[in-house]
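One letter stands for each residue in the lines below.
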Amino acid sequence: MKRLWRRKTTRGRENRRLAPSARPPRSYWYRGLMIFTIVLPVGLGLGWSALTRYAEQHPYFTVQEIVVEENLGFSQDDVQEWSGVKVGMSMWEVDPKQVENRLLAHSWVQAAQVRRDFPQRLHIAVSTRRPLAIVLHDGLLYLDETGVCFTKSEQKPSVDLPY
């Protein structure tokens, strides 16, 4: 009886030196790490570009309200028309510096400030020049307190200013 018992125990045991190890050899680990370091940035880049395209086209980021602050003589519709911004545009398409430059191209606009209030509001602040005198030089020009001559052909000239 002892012999049978010994055979079973010797057969059930394994030689730990010859058994395969649980972890793969180092070359596989390094290959996996290299693949991970290459695939992860590429995947993040593709995911980021898809996310930005989605955000640019999503209706949540459209201009729903344009708030115009102005101090003299222009209607909000005029300022919106000069700015080139319309309700329904994507907020990402509106570049505040370009809108400011478009507004400053008009001679009566002295300063302009444009701010995007996410997610759906655009804030435009315009200050206009205040005429102090009229200068006769190839037509009527106005003169402001800083010495800048400007015109405004849309309105009738004010004749109660000094020449």
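These numbers were taken from a predicted model, which means no experiment stands behind them. (Residues numbered from 1 in each chain as written. Predicted model: local features only at pLDDT ≥ 70, side-chain atom pairs only at ≥ 80, totals over all residues. Heavy atoms only, no water.)

Trainee: Break down a negative patch on the surface for me, with residues and values.
Mentor: Taken together, Glu70, Asp77, Asp78 and Glu81 make up a surface patch of like negative charges. No other element matches the three residues that helix α3 (residues 76–83) contributes to the negative patch. For Glu70, the position within the fold is in strand β1 (residues 65–70). By relative accessible area, Glu70 is classed as partly exposed at 30%. (Patch = residues over 30% accessible without salt bridge, like charges linked within 9 Å, V, L, I, M, F, W, Y side chains within 5 Å. Areas by Shrake-Rupley, 256 points an atom, 1.4 Å probe, with all protein chains shown as cover. Salt bridge = Lys/Arg side-chain N within 4 Å of Asp/Glu carboxyl O. Lys, Arg positive; Asp, Glu negative; His and termini not counted. Charge placed at Lys NZ, Arg CZ, Asp CG, Glu CD. Helix = DSSP H or I, 4+ residues; strand = E, 2+ residues; numbered from the N terminus. Buried < 20%, exposed > 50% of the residue type's maximum accessible area, 1.4 Å probe, protein only.)

Trainee: Requested: an account of helix α4 (residues 96–104), with residues and values cited.
Mentor: Taken together, the buried positions of α4 are occupied by Pro96, Val99, Glu100 and Leu103. What you see down the axis of α4 is that its buried residues fit within an arc of 100 degrees, all on one side. Seen from the open side of α4, the exposed residues pointing more than 90 degrees away from its buried face are Lys97 and Asn101. Residues of α4 that are buried in the fold lie against α3, β2 (109–117) and β3 (121–128). (Arc of directions from axis to C-beta. Contact = heavy atoms within 4.5 Å.)

Trainee: Summarise a nonpolar patch on the surface; cite the residues concerned and give the values.
Mentor: Together, Trp29, Tyr30, Leu33, Phe36, Leu40 and Leu44 make up a nonpolar patch on the protein surface, roughly 660 Å² of accessible area in all. The class of Trp29 is exposed, set by a relative accessible area of 54%.

Trainee: Before we move on, could you go through the sheet that holds β3 and cite the residues and values that matter?
Mentor: Across the sheet, which stays open at both edges, the three strands sit in the order β1-β3-β2 with mixed pairing between neighbours. The open sheet has two edge strands with one neighbour each: β1 and β2. The average undirected angle you get between the axes of adjacent strands in this sheet is 15 degrees. One ladder, built from eight bridges, connects β2 with β3; its direction is antiparallel. Its bridge partner lying in β3, Val109 is registered against Thr128. Most of the contacts of α3 go to β1, to which it runs at about 110 degrees, and overall it touches β1, β2 and β3. In the packing of α4 onto the sheet, contacts are made with β2 and β3, and the angle to β2 comes to roughly 155 degrees. (Pairing = 2+ DSSP bridges. Axes fitted to C-alpha atoms, helices over the stretch in contact; angles between N-to-C directions.)

Trainee: Before we move on, can you summarise the confidence of the model for the protein chain with the specific residues and values?
Mentor: Averaged over all residues, the pLDDT of the protein chain equals 79, while 75% of them reach at least 70. Mean pLDDT in the protein chain bottoms out at helix α1 (residues 2–12), which sits at 50, and peaks at α4, which reaches 94. (pLDDT = per-residue confidence, 0-100.)

Trainee: Describe the packing of aromatic side chains, listing the residues and the values that go with them.
Mentor: For the structure shown, the criterion picks out five aromatic pairs. Relative to Trp92, the ring of Phe61 has its centre 5.4 Å away and its plane inclined at 55 degrees; by these criteria the two rings are tilted. With Phe61 in the loop between α2 (26–57) and β1 and Trp92 in the loop between α3 and α4, this residue pair connects regions lying 31 residues apart in the sequence. Summarising the aromatic geometry, the rings of Phe61 and Phe118 are spaced 6.4 Å apart at their centres and angled 75 degrees between planes, so their arrangement reads as edge-to-face. Remark: Phe118 occurs in the loop between β2 and β3 and Phe61 occurs in the loop between α2 and β1; sequence separation between them is 57 residues. An aromatic cluster is defined as three or more aromatic residues linked by ring pairs; in this entry it consists of Tyr60, Phe61, Trp92 and Phe118. (Phe/Tyr/Trp six-rings, centres within 6.5 Å; stacked < 30°, edge-to-face > 60°.)

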